[in-house]
Amino acid sequence: MQALVYTGPGTVEVLDRPKPTVQVPTDAVVRLLHASICGTDLHILKGDVPSIEPGRVLGHEGVGVVESLGSAVHTLQLGQRVLISCMTSCGACRFCQRGLAAHCITGGWTLGNKIDGTQAEYVRVPHATLSLHPLPDSIDARAAVAVSDAFPTGLECGVLSAGVQLGGSVAIVGAGPVGMAALLTARLYTPSLIVMVDLDEGRLATAHSLGAHATVVSSPDAEQKLMDLTGGQGFDSVIEAVGIPATFELCQKVVAVGGRIANVGVHGTKVDLHLERLWERNISIHMSLVNATTTSRLLRLVESNMLDISSLVTHHFPFTEAPKAYETFQAASQHKALKVAIDFT
Ligand SMILES: NC(=O)c1ccc[n+]([C@@H]2O[C@H](COP(=O)([O-])OP(=O)(O)OC[C@H]3O[C@@H](n4cnc5c(N)ncnc54)[C@H](O)[C@@H]3O)[C@@H](O)[C@H]2O)c1
Ligand SMILES: [Zn+2]
Ligand SMILES: [Zn+2]
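- Looking up the protein in an unreviewed UniProt entry gives the name Enoyl reductase (ER) domain-containing protein, with the organism given as Penicillium arizonense.
- The UniProt entry for the protein carries the following text under Sequence similarities (unreviewed entry): "Belongs to the zinc-containing alcohol dehydrogenase family."
- Here the protein is described in UniProt, under the heading Cofactor (unreviewed entry), as follows: "Zn(2+)".

Here's what the structure looks like:
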C-alpha cells in the first residue's frame, strides 16, 4: 500500500509500505476513505514529539471501511463505514473504567504515534470495538474526519471542562479547528455570550458566521475589550485553545469570579499561574487530554441535525498530493484553511 511516512524533521513522503494485518483478536484493519491532518502532526514534523521516530506513518484522524476484523470484535461488520477515533481504548483497564481513555494502559494516542496511523491506504486499529464508530449513511464521510479529534476535544476539553451553561458567558481563545468545534458545541448549551479571540481576522470572520456573538483580535488591548463585553465582570467559562503562555495569561485575566478556565492547548513551555490574583476568586482550572468518550454522542447530534460539522474541513487533496496538503495546512492562514482532508477515493 501507499502511506505518508514521516521521514525526519520537516519531511513527509508517500512511500510503499506493507498492508497492515490483524495482529490480535481485538484489532481491525480499515481501508481509508478520508484522513485529515491535525496541528499535532505539524508538531511532529517540527520535531516536538521526540518519541516519534522517522519511518512512522502519520495520522490519528480518518474515516474508512472495515477491511478485516479480529475474532473478538463483534460489534462491527466487514464493509461497514467507520469513524476512527483519535484515542484507542480497551474499555477495561483502570483508566478506561474511569472514563480516562486517553490514558488507557494499552491504548490512548497510539495511531500515528506508537503505531502507524491513518494517512495511508490502510490502517490497523487496536481495540477496534471502542476505537471505531459506525458512521451513519446520512453523515458526509469527509466532513466527519473533524469528529475523530477536533469535535471531541472542543467539547470535552473545552466546553464541558469550562462548565458552559445556559445563559452564561464564554470566551474561546484560539479559532482553529478545536476552538471552532468548541464554539459549535458551546452553542448547544445556549450561553448568552460567546466571544472568540484570535490573531487571524479571517478565522474570526468564520467564527462570527458560525455563531460567535463577538470577536476580538488578539492584541495588547484584547483584555480590555473582553472585559468591556461583559460589563467588567469577566467570563464564566474561558477556553484556551492555542497552547502558548500569552493566551493562558489572557484567560486568567478575563475569567469571572466563580468562573472556570479550561486549558485545551498543548503547551511546550513553562506558563505562569497567577495564584496571587486568582486564589480569592473561586476559580477552577481544568486541563485535559481528550478521552474521546463523547464521539458517539457527537455523531448522534450530527445525525439529528443538531450539530453542523460541515464547516471545519475547508480543503481536500487526493492522497497522491498529500505533501501538498501538508504545505497548505502549514500555511493555513494564507490559504484560509481550517482542516485539510486527504482523499483516498
Ligand atoms: N488537549 C487535547 O487533547 C488536544 C487535542 C487536540 C488539539 N489540542 C491542541 O489544541 C490547540 C488548538 O488546536 P487547533 O488544531 O485548533 O490548532 P491551530 O493551530 O489550527 O489553531 C490555533 C489558533 O490559535 C491562534 N493563535 C495563535 N497565537 C495566538 C494569540 N497570541 N492569540 C490568539 N490566538 C492565537 C492561531 O491564529 C490559530 O487560529 C493546539 O495547541 C493543539 O495542539 C489539544
Ligand atoms: Zn489531532
Ligand atoms: Zn484501557
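The rest of the description comes next.
## Some remarks on unusual backbone geometry
- A positive phi angle, near 45°, is found at His 127, a position not held by glycine.
- Note that His 127 resides in the loop between strand 6 (122-125) and helix 3 (128-131).

## Let's talk about the site of ligand 1
- In the vicinity of ligand 1, 30 residues are found, and the nearest of them are Gly 176, Val 178, Ser 218, Gly 243 and Val 266.
- For the shell around ligand 1, the secondary-structure elements that each account for two or more residues are helix 1 (39-45), helix 5 (150-160), helix 6 (177-186), strand 9 (193-198) and helix 9 (245-254).
- Looking at the shell around ligand 1, the element that brings in the most residues is helix 6, giving three residues.
- Of the residues contributing to the shell around ligand 1, the split by class is 15 nonpolar, eleven polar and four charged.
- Looking at the shell around ligand 1, you find at least three residues from each of domain 1 (2-149 + 291-343) and domain 2 (152-287).

## Some thoughts on helix 9
- Within helix 9 the residues assigned to the buried category are Thr 247, Phe 248, Leu 250, Cys 251, Gln 252 and Val 254.
- On the buried face of helix 9, the contacting elements are strand 8 (169-173), helix 8 (222-229), strand 11 (235-240), strand 12 (255-263) and helix 10 (275-278).

## A short note on the sheet that holds strand 8
- Taken in spatial order, the six strands line up as 10-9-8-11-12-13 in an open sheet, and their pairing is parallel. Each having just a single partner strand, strand 10 (214-217) and strand 13 (284-287) make up the two edges of the open sheet. This sheet shows a mean twist of 15° between the axes of neighbouring strands, independent of strand direction.
- As judged from the four bridges shared by strand 8 and strand 11, these two strands associate in the parallel manner. Paired with Val 173 across the strands is Glu 240, a residue of strand 11.
- Contacting strand 9 and strand 10, helix 7 (residues 201-209) crosses the sheet at an angle of about 170° to strand 10.

## Structural notes on the UniProt feature "domain: Enoyl reductase (ER)" (unreviewed entry) in the protein
- The positions UniProt marks with the feature "domain: Enoyl reductase (ER)" (unreviewed entry) are residues 10-342.
- Structurally, residues 10-342 is divided into 28% helix and 23% strand, and its ends, taken at the C-alpha atoms, are 19 Å apart.

## Topic: the pairing of strand 9
- A large share of strand 9 lies buried, amounting to five of its six residues.
- Judged from the five bridges that link them, strand 8 and strand 9 form a sheet pairing that is parallel. Counterpart to Val 173 in the pairing with strand 9 is Val 197.
- With respect to chirality, the unit in which strand 8 leads through helix 6 into the neighbouring parallel strand 9 is right-handed.

## What about the pairing of strand 6?
- Judged by which residues are buried, strand 6 turns out to be covered on both faces: Tyr 122 and Arg 124 on one side and Val 123 and Val 125 on the other are all buried.
- Pairing geometry for strand 3 (residues 28-36) and strand 6, over four bridges, is antiparallel. In the sheet register, Ala 28 faces strand 6, and the bridge partner there is Val 125.

## Thoughts on helix 11 (residues 295-303)
- Those residues of helix 11 lying buried are Thr 295, Leu 298, Leu 299, Leu 301 and Val 302. Buried residues in helix 11, looked at end-on, bunch into an arc of 160°, giving them a common side. Summarising the geometry of helix 11, the exposed residues directed more than 90 degrees from the buried face are Arg 297 and Arg 300.
- In this fold, the buried residues of helix 11 make contact with strand 5 (81-84), strand 7 (132-134) and helix 5.
- Just downstream of helix 11, Asn 305 is the residue with a positive phi angle, here 60°.

Reading guide: rules and limits
- Residues numbered from 1 in each chain as written.
- Chains lettered and ligands numbered in written order.
- Predicted model: local features only at pLDDT ≥ 70, side-chain atom pairs only at ≥ 80, totals over all residues.
- UniProt positions renumbered as here; feature names shortened; annotations may be inferred.
- Helix = DSSP H or I, 4+ residues; strand = E, 2+ residues; numbered from the N terminus.
- Near = placed C-beta within 6 Å.
- Nonpolar A, V, L, I, M, F, W, Y, C, P; charged D, E, K, R; others polar.
- Domains from an automatic or database assignment.
- Buried ≥ 20, exposed ≤ 12 C-beta atoms within 10 Å, placed from the backbone.
- Contact = placed C-beta atoms within 7 Å.
- Pairing = 2+ DSSP bridges.
- Axes fitted to C-alpha atoms, helices over the stretch in contact; angles between N-to-C directions.
- Right-handed = clockwise from strand over helix to strand, strands pointing away.
- Arc of directions from axis to C-beta.

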